[in-house]
Structures are given as C-alpha cells and as structure tokens.
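Structure at a glance
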Amino acid sequence: MFWNGGPGAASEVLLALGTGRSSIDPAWNGGSIVGPNPARFTAFANTLYIDARGAGFSYGLLDDPSDAAARANEFALRNHNAWLDAADFVRVLLRFFATHPTLERSRVAFVGESYGGTRASIVLHLLMHPDMYGDGSAPYEDNALSNEIRTHLEVTGAAEKGAAVDPARVAEQFGTQVLLQPRLTEHQATYTGILLEAPGSVMDDIALETGVPFVRCSDKPPPCDAYRNALDHLDAVGRDMYDMERPSGYMFGRFDDLTDRMVLPDVLGKCLGVDPKRIEGLSAASRKGAFRVVNAANASPHRSMRRLEHCRRGSIFLVEVFDLMNLPFAAPKRWRFPWTSPTRGGVICSSTICATRGRSLRQHRETW
C-alpha cells in the first residue's frame, strides 16, 4: 500500500517513478516516454496507491463548489489533521478488502515517503488499538472506524468478538513498513543537523566538489540551526536538497515533468494498466460539484510542488500541493503545516492558524 508525503503530495510519484508496472523514467524504461519497469513491485506483490484528500486525483465535493467560503471551510481541522488523514487510509484499505475478499487475509506492507512515515505510524496504531479510538481514550475518536477495524480483525481471525485486541496478532498482517526518507518526529531535523555538521560529512564532500567551504554553526554567531544551515549551504552552491549530487531544483523539476505527463490519458493508462475512461469519478463530466482548495493567483496550472521552503521561525513548511486533476480552478496552493509527532498528539493545522508569527511547534500543540 503506497502513499506519498507532504502532507499534500500525490502518490503518482511513487507509481510512475520507480514502483509501478510502467515507468516514465527513461533511465528505467529503455528511453521511452512510458514503458515497462524492470523493478516493478508487481513482480512480487499486489500494489495499491492512495492519494490523500485534495492530493493527486483526489478531490472534494460540494453542492456549490463556486462558493469560495464553503471551499475554504472544508480545509479546516475537522477535515484536515493527522488523525483524520490516517483514518482515511485505513478506511480505504478495509473497504478494498471488503470488495476483494480473496485478499483480505494478505500481509500488508505500508510504503510511505517523507510525511508518509508519520502517516504509517498512525495507521498502524489505529489498526492495533481500535478500541482506544472508539471509547475516547485516544487523541482522536472515531467509533465508526473502530467498529470497522474490529469487524475486519474478527472476520480474519486476528481478534475474537468482544475480546481485547492483541496488537501482536494485528501486526502479523499489518506490521510491515517500508519508509522512504521518512519524517517521523520533530527531532529528526535536530539530529540530521548534528550529523551534517560532523567532520567528514557529505557537506565536506560537497565543499571539495564545489570549492565553496562549508561554514559550520560552531564557526557562526548564535543563533544557528545546524539543519537549516546545511540546507542554506546546499542552496547557495546550487545543489538539490533531496539529491545532493544533482543541481538545485532537480527533484521538483521531476515532479513538474511527472504532473505534465500523468494528466495525459494514454500515459496514465499505461502506468495504471487500465483505460482511464473506465475509472468511475475520474472524467470531468463525472466530477459535478468537485473542488480543490487552491489559490489560482499564486501558482500556474498543472505545476506541482515547485518549492519547499522552510520558515526560519517555527517548524512550518510551505508546500505547493500536487495538482493532477486539471479542474478549471485547480492550480496548486501553498499550504502551511507544522510537522507533527503522532506519539505526542500533534495536529496539522490550517494555514490561518499556522500563520501565527514565530510560534514553535510546541506552542502550537499547547494551543490545541
């Protein structure tokens, strides 16, 4: 079960650039626009790719999507937070099993990238402790989901009706995770900065290659954040923050290219192995009342995640969300999120709340 991060990034990146049956990467597919992927995960597993709310091919529905206030109201904590996000993915998985009963006892590996690591942690906790989420003892309460999880566990023999759920038995089916450069806790940036500042780190290799010395925080006046300092240096010497051997903007350039291709029906069809015209709810004609939370004044259509900027104060990222839907008003918007730790009850907050100046993630958590 694949999902991308962000929050707000489309899972089509994982589908088309390395794991799916077909790839749009000419380095893998023999130089074609789209071609067979020799490293496809379908060689050993069934694959399920899920887009989060408002990302990729996902969209919201309103009676009157032209109402800007109504659209903005849908992008609020009641619809967008770490727990609801994870609950969406659990529901999709369980309902997939319900419609494919021959697979319902299959082992499941959660493959998440970046924020997908946070999502995987919460998804697994939901599945292992469904009763907590039904009786109000967890930070998120969802009695319907709790019952749906229990039903699946009882049907598959992982739990007995009326008995406490044993997480170890749940893990037999759902305990496998493959996390790609995952974001798991708010402490990662701190320790990543320590590693990058250490003598002999990759930053010294880049300094030798570029001829530009890397000045560590120990040689700068305080305050100096080691992680931010390293990213600033990469930007200054023109290196990509995701692939330091590549020029700056390399990764987001690939996302742009992917977005341009994946809205083409023939390319999408080859990547999916299914004619897009056969997919219910995908065509423009079937999307009556569809909307995306966007700001067309700040971005051009059909472009995805051009920049990922780190605010210098607080743990807030600005992300341009993937737009693969080609709606008349669907241009990506920059959304502000604080990164959260699922083990400490953090939440994703809306852009209005997150705009509070200079507040740290801890202060946001205390506010809620």
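Structural data are supplied above this passage.
First things first, this report covers the structure right here in the doc. Please read all numbers here as calculations on a predicted model, not as lab measurements. (Residues numbered from 1 in each chain as written. Predicted model: local features only at pLDDT ≥ 70, side-chain atom pairs only at ≥ 80, totals over all residues. Heavy atoms only, no water.)

For strand β5 (residues 109-113), the buried fraction is high: four of the five residues fall into the buried class. Relative to β5, strand β1 (residues 2-3) runs parallel, the two sharing two bridges. Bridge assignment links Trp3 to a residue of β5, and that residue is Gly112. Pairing between β5 and strand β6 (residues 176-180): five bridges, direction parallel. Bridge pairing in β6 links Gly112 to Leu179. (Buried < 20%, exposed > 50% of the residue type's maximum accessible area, 1.4 Å probe, protein only. Helix = DSSP H or I, 4+ residues; strand = E, 2+ residues; numbered from the N terminus. Pairing = 2+ DSSP bridges.)

Moving on: the environment of Leu196. With respect to the helices and strands, the residue Leu196 is situated in helix α8 (residues 188-197). Take Leu196: its relative accessible area is 11%, and that puts it in the buried class. Along the backbone, Leu196 and Ala230 are 34 residues apart, and their C-alpha atoms lie at a distance of 6.9 Å. With residues up to four places along the chain from it excluded, the contact list for Leu196 reads Ser201, Val202, Met203, Phe214, Arg216, Ala230 and Met244. (Contact = heavy atoms within 4.5 Å.)

Let us look at the state of the cysteines. By the definition in use, this model includes one disulfide. Covalently, Cys217 is tied to Cys224 through a disulfide, its sulfur atoms 2.0 Å apart. Taking the sign of the S-S torsion, about -65 degrees here, the bridge from Cys217 to Cys224 comes out left-handed. Looking at Cys217, the relative accessible area reads 13%, which means it is buried. (Disulfide = S-S within 2.5 Å.)

With 37 residues, the main nonpolar core has Phe110, Leu126 and Phe174 as its most contacted residues. Elements that contribute at least two residues to this core include exactly α4 (82-99), α5 (116-128), α6 (143-155) and α7 (167-174). In terms of residue count, α4 provides more of this core than any other element does, 10 residues in total. Beyond its immediate sequence surroundings of up to four residues, Leu126 is in contact with Ala86, Ala87, Val90, Tyr133, Tyr140, Leu145 and Ile149. (Core = buried A, V, L, I, M, F, W, Y, C linked by side-chain atoms within 4.5 Å.)

The subject of this paragraph is the pattern of salt bridges. Side-chain pairs of opposite charge can arise where the charged atoms are in close proximity. The final tally for this structure, using the stated rule, is 13 salt bridges. Note that Glu160 is salt-bridged to Arg169, the shortest N-O span being 3.0 Å. When its relative accessible area of 41% is taken as the criterion, Glu160 is described as partly exposed. You can call Arg169 partly exposed: its relative accessible area is 27%. Ionic pairing is found between Arg261 and Asp257, a salt bridge with its closest N-O pair at 3.2 Å. Of this pair, Arg261 and Asp257 both sit in helix α11 (residues 250-262), separated by four residues, roughly a single helical turn. Members of the salt-bridge network, linked through shared partners, are Asp131, Arg150 and Glu154. (Salt bridge = Lys/Arg side-chain N within 4 Å of Asp/Glu carboxyl O.)

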